[in-house]
Structure formats: C-alpha cells, structure tokens
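Remarks on the overall topology
Spelled out, the chains give:
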Amino acid sequence: MNRPDRIDGGLMRPVLDGVRVIELAGIGPAPFCAMMLADHGAEVIRIDRPGGSDPLAQDQRCDVLLRSRRSITLDLKQPEAIEIVAKLVETADGLIEGFRPGVAERLGLGPDILMQRNPALVYGRMTGWGQDGPLSDKAGHDLNYISINGCLGALGADGTPPPPPLNLIGDYGGGGMMLAFGFVAALLAARQSGEGRVIDCSMAEGSAALMAGMWSLTHNGMWDKGRGQNLLDGGAPFYACYACADGGFVAIGAIEAQFYARLVEALGLDGDPLFAAQHDHARWPAMKARLAEIFASAPRASWTERLLHRDCCYTEVLTMAEAPMHDHNRARGSYLEADGWMQPHPAPRFADTRVVAPRMWQRDSDRMEILAEIGVADPDRVVAE
C-alpha cells in the first residue's frame, strides 16, 4: 500500500486506517467491538435492521456504542439484501455478527459461504455461551454469562446474593473487548497468510479469562476466605469505599505497605495498635468500622484536601455526571461531546497519531454511497423497509 505514513502536520494515520469491517446490527458487546475498531480508524459499515435493532427502543441517534459508523438499512429476509451483504464482504477485511449460533447460516451469511467469496475474511462471532456446548442455544444476558465462571460469585458481601454489576464484565470486557482483540489478532494473521479466521467469542469464556488474576491469588492463598472477606473484594479495610458526611464517597486502595503507612499517618492513626498489623485478617472488621466512622465525620471535599497530596491511593468516587468535570479528566480530554452528546474519548491513545473524532450514528445515512461503491443500483425499497 503506497501512501504517506504521516498526515495532518506530521501525525501518523489512525492505527486501523484502511481496514474495512461489516457489522451486522446487534446490541451490547458486538457494537462495542465495532465502536472500538471505528474509534481507531477502521471503516465500519453497520447494516441495520428495518425498524431498528434495539429491543429497549432507545433513541439510537444518541447511542454512543454506534458512533463513527457508516450506515445502511437492509432487510436480511430478502435475497437481494443478502447479496448486497455478500458483495460488501468481498471488499472488506472482516465481519462482526452477534446472532445466536446458526442464525447467520440460516440467513445465508455464515462463514463457510462468505469466506468462499473472501478467503482472507476475519469473521467475528459474538455470543454469550459460544458456538457449541450444552448452553449454546439458550438465551441469556451479562448476569447469566458471568454466573457460571466464578465472576458473579466473587462479588458482594458474604451471605447475601451477589449484586448485579453493571454489564461491564461479560458484555464489554469479556465480550466486546475480547472480540476486538481477537479481530485485530486475526487480521494480522490474515495479512501474513492470506487466510481468514473465524472468531468464536463467548462472553462466558472471555469474562472467565478476566478472572486469571483471582486464580493466581487463590493459588497463593490470598483469596481463600468467604465472599467480601478477601484482599480485593471489599474485605480489606485499606481497599474499600467509604461514605462521607455529605453523602459523597471515597475510594481507598492503599494495598502496598508504603501507601498504607501514608494513609494511617494522614488519618492520625499511626500510633493506634488496631492499625499496626496491616494484614491481620482478624482485625479487618474492626479496622473497617473505625475507618467508616472517620470518613463519615467530614465531607468528601475535606478528605480530598487532606489526603490527595499524600499519594496514599485516595480518590473521590465520582458520578457519571461529575466525571467529565474532574481536573484530571479535563486536562487529558478524557470526555468529549459529539453532536451535543457527552461520551468517553476513544481509548487507548497512540502517541503522535491522529485521533478519530467521534460522530453519532444516523439511520441509513450512507445507503446510496455504499451501494454505488459495490456497483449496485438502489434496489426496491423492500430491502430496507
């Protein structure tokens, strides 16, 4: 590919510039994967369903997960629409789908068919349970997928039901992020060998992989007590969140000895025998109760003034509304607005590389251009409505 590596005053092109991905519309993890790819320069063509693809009937014009896509609406029940998808795949590096196992094959868009037309195609499949196994055809959501691999069972207080976490673990961490990694890895392999790959991304398995560190702690005897009583699950008083007098919250992560010592000193507890042995599990409940009492005695801002400069792993617990206004986030531009909608800046960052400015999704916004690029005149509107 003969093109200049540097553009825009010496900045390098986005790392996925020149990559084309076809996304069959879905919800949650597959769109998150496509967003990640688009954020870093990939051209993502999202094939939307007539009437939209969100079962919650949200306004997709403000859906951050759909940002930076080209859009065409096709009725995949129509043969003409299936042929359009196939023609697009011939021009693409990869395809992403989040259907239940067998659905893409029934549509005529399975990997066996499409990879005949494009042998180097990276075919990304996103499911909860994987393409096979006893649960592969069963319905589920993030809460279900993280329940069979120890993730959910490690959350919350002992003796209480695990609290449903935000769907960051299964949908986005073990699902969308894992698929994005698999896609880029397979793309590298395809460019070396000329042969595509099929990615079987299971949210249950992806989130299980996220637990690798907890397995290490378990094998080292550092995660051997009941839920909510271990080092990183809220059991340790120096790795926990506390309420303040004004209803705000603070997070303490003083795991290492030097940070713990600074915290204890800053709170005036360095002479208190209760805090003399950091890792005495028998004292943890009493230590935690004492710290809760201390933090509840003053508003959050006063603790920030007192502790932040001590470098003892202290932060405020911010709401989503507060986060974009935090000094650090403002300094780095960690949040931005696109078409008036606040959202996270693309991540991770690449030094000396042009950032892709997010733009919000618009239904069927690129229909005629996309069809013209593959030499298809706009067919009967039945394929779109």
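Structural notes, computed from the coordinates. Values in this document were obtained by computation on a predicted structure and should not be read as measured data. Every chain begins its residue count from 1, and numbering advances along the sequence as written. Confidence filtering applies because this is a predicted model: local features only for residues at pLDDT of at least 70, side-chain atom pairs given and counted only at 80 or more, and all residues used for totals across whole chains, interfaces and linings. For side-chain calculations, the full set of non-hydrogen atoms in the structure is used, while hydrogens and water are omitted.

Some details on the nonpolar core
For clarity, the threshold we go by: Here, nonpolar core means buried Ala, Val, Leu, Ile, Met, Phe, Trp, Tyr and Cys residues that are tied together by side-chain atoms lying within 4.5 Å of each other. Here's how the labels work: a residue is buried when its accessible area is under 20% of the maximum for its type, exposed when over 50%, partly exposed in between, all with a 1.4 Å probe on protein chains only. Only DSSP runs of H or I reaching four residues or more are called helices, and only runs of E reaching two or more are called strands; each is numbered from the N terminus. Contact criterion: two residues are considered in contact whenever any of their non-hydrogen atoms come within 4.5 Å of each other.
Grouped together as the largest cluster of nonpolar side chains are 30 residues, with contacts concentrated most on Val-21, Leu-37 and Ile-96. Mapped onto this core, the elements with two or more residues apiece are helix H1 (29–39), strand E7 (122–127), helix H6 (168–193), strand E8 (197–202) and helix H7 (203–209). Examining the composition of this core, we find that eight residues originate from one element, H1, more than from any other. Excluding its chain neighbours within four sequence positions, the residues that come into contact with Ile-96 are Val-21, Ile-22, Glu-23, Leu-24, Ala-30, Cys-33, Ala-34, Leu-37, Gly-124 and Leu-179.

Observations concerning the pattern of salt bridges
Put simply, the test is: Criterion for a salt bridge: a side-chain nitrogen of Lys or Arg within 4 Å of a carboxyl oxygen of Asp or Glu.
As enumerated under the stated definition, the model contains 25 salt bridges in all. Between Arg-117 and Glu-83 there is a salt bridge, with its nearest N and O atoms 2.9 Å apart. Of the two residues, Arg-117 is situated in helix H4 (residues 111–117) and Glu-83 in helix H2 (residues 79–90); the sequence distance between them amounts to 34 residues. We classify Arg-117 as partly exposed; its relative accessible area is 32%. Looking at Glu-83, the relative accessible area reads 32%, which means it is partly exposed. Measuring nitrogen to oxygen at the nearest pair gives 2.9 Å for the salt bridge that ties Glu-322 to Arg-300. Placement of the pair is Glu-322 in the loop between strand E11 (314–317) and helix H12 (327–332) and Arg-300 in helix H11 (residues 300–307), with a sequence separation of 22 residues. Under the relative-accessibility criterion, Arg-300 is labelled buried at 13%. Residues joined by salt bridges that share partners form a network here, namely Arg-20, Glu-43, Arg-70 and Glu-373.

Focus on the side chain of Asp-63
Note the threshold: All tallies of charge rest on Lys and Arg as positive and Asp and Glu as negative; His and the ends of each chain are not included. Think of a polar contact as two N or O atoms within 3.5 Å of one another; within protein, one of them needs to be a possible hydrogen donor and the other a possible acceptor, and neighboring residues in sequence only count if both atoms come from side chains.
Position of Asp-63 relative to the elements: it lies in the loop between strand E4 (43–48) and strand E5 (70–73). Among buried charged residues, Asp-63 stands out as having no salt bridge; its nearest opposite-charge side chain is Arg-46, 6.4 Å away. Within the structure, Asp-63 has its side chain in polar contact with the backbone nitrogen of Leu-65 (distance 3.0 Å).

A few points about the packing of aromatic side chains
Inclusion rule: We call Phe, Tyr and Trp rings a pair once their centres come within 6.5 Å, taking the six-membered ring for Trp, and we label the pair stacked below 30 degrees between planes, edge-to-face above 60, and tilted otherwise.
Applying the stated criterion across every chain, the model contains six aromatic pairs. Centroid distance Phe-238 to Tyr-260: 5.7 Å. Interplanar angle 75°. Geometry classified as edge-to-face. Note that Phe-238 is positioned in the loop between helix H8 (212–219) and strand E9 (239–243) and Tyr-260 in helix H9 (residues 257–266), a separation of 22 residues in sequence. Across the pair, exposure class does not vary: Phe-238 and Tyr-260 are buried alike. Each residue in the set Phe-238, Tyr-260 and Trp-284 is aromatic and connected to the rest through ring pairs, giving one cluster.

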